[in-house]
Amino acid sequence: MISTLKSTIAAGLGLAMLAGAISPASADRGGDIAAGIIGGAIVGGIVGQATAGDAPPRRVYVEPRPVYRERGCGELRERARDAEETGRYERARHFWREYRICRGE
């Protein structure tokens with residue numbers, strides 16, 4: 001966004017300066033300078049959008065799978081039972097699934 005704005009401003013100023021350098025200053029030019037600035041803004045916007053690259057990809061955090069080494073699969077079974085007793089059934093299903101995977105079922 002900022003690079004587009006900078007490109008637009010630079011192109012507009014460049015065209016305005018070029019228009020002033022080519023023709024002598026006179027009061028009867030009407031909207032030539034305004035047209036040059038507006039045209040420069042449009043061209044600068046197009047150039048800025050063409051040169052601006054894609055946004056970098058967002059970082060995504062993926063939580064690693066837990067490793068149960070101390071107590072093995074029994075810890076998963078206990079956690080599943082505790083979750084069932086406290087009424088957290090989705091969590092209990094998760095632990096039962098992990099328990100079955102741990103046991104190789």
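Our structure is the block above this text.
Every value quoted in this text rests on a predicted model; they were computed, and no experiment measured them. (Residues numbered from 1 in each chain as written. Predicted model: local features only at pLDDT ≥ 70, side-chain atom pairs only at ≥ 80, totals over all residues. Heavy atoms only, no water.)

Draft legend 1. The arrangement of the packing of helix H3 (residues 73–85) against helix H4 (residues 89–103) in detail. Running from N to C, H3 and H4 cross one another at 160°; their axes reach a closest spacing of 8 Å. Between H3 and H4, the angle falls in the class roughly antiparallel. Classified by chirality, the crossing of H4 by H3 is left-handed. Seen from H3, the contacting residues are Cys73, Leu76, Arg77, Arg79, Ala80, Arg81, Ala83 and Glu84; seen from H4, they are Tyr89, Arg91, Ala92, Phe95, Trp96, Glu98, Tyr99, Cys102 and Arg103. Along the lines of polarity and charge, the residues of the contact of H3 with H4 split into 10 nonpolar, no polar and 7 charged. (Axes fitted to C-alpha atoms, helices over the stretch in contact; angles between N-to-C directions. Helix = DSSP H or I, 4+ residues; strand = E, 2+ residues; numbered from the N terminus. Parallel < 35°, antiparallel > 145°, perpendicular 65-115°, else oblique. Left-handed = near helix turned anticlockwise from the far one by under 90°. Contact = heavy atoms within 4.5 Å. Nonpolar A, V, L, I, M, F, W, Y, C, P; charged D, E, K, R; others polar.)

Draft legend 2. Highlighting the packing of aromatic side chains. This structure, assessed with the given rule, holds 1 aromatic pair. Ring centres of Trp96 and Tyr99 lie 5.8 Å apart, and the angle between their planes is 80°; on these two criteria the pair is classed as edge-to-face. Of this pair, Trp96 and Tyr99 both sit in helix H4, 3 residues apart, roughly one helical turn. Trp96 sits in the partly exposed class, given a relative accessible area of 21%. (Phe/Tyr/Trp six-rings, centres within 6.5 Å; stacked < 30°, edge-to-face > 60°. Buried < 20%, exposed > 50% of the residue type's maximum accessible area, 1.4 Å probe, protein only.)

Draft legend 3. Structural view of helix H2 (residues 32–51). Compared with an ideal rise of 1.5 Å per residue, which puts 20 residues at 28 Å, H2 spans 28 Å between its outermost C-alpha atoms and is within 8% of the ideal. For H2, every residue scored as buried is listed here: Gly36, Gly40, Gly44, Gly45 and Gly48. (Expected span 1.5 Å × (residues − 1).)

Draft legend 4. Molecular detail of the pattern of salt bridges. Following the criterion strictly, the structure yields 2 salt bridges and no others. A salt bridge links Glu75 to Arg79; its shortest N-O distance comes to 3.1 Å. Here Glu75 and its partner Arg79 are both found in helix H3, 4 residues apart, which amounts to about one turn of the helix. Here Glu90 makes a salt bridge to Arg93, at a shortest N to O gap of 2.3 Å. Of this pair, Glu90 and Arg93 are both found in helix H4, 3 residues apart, which corresponds to roughly one turn of the helix. Glu90 sits in the exposed class, given a relative accessible area of 57%. (Salt bridge = Lys/Arg side-chain N within 4 Å of Asp/Glu carboxyl O.)

Draft legend 5. Looking closely at H4. Taking 1.5 Å per residue, 15 residues should reach 21 Å; H4 reaches 21 Å between its end C-alpha atoms and fits that length. Of all the positions in H4, only Ala92, Phe95, Glu98 and Tyr99 are classed as buried. The buried residues of H4 all sit within an arc of 125° when viewed along its axis, so they share a single face. The exposed set on the far side of H4, more than 90 degrees from its buried face, consists of Tyr89, Glu90 and Ile101. (Arc of directions from axis to C-beta.)

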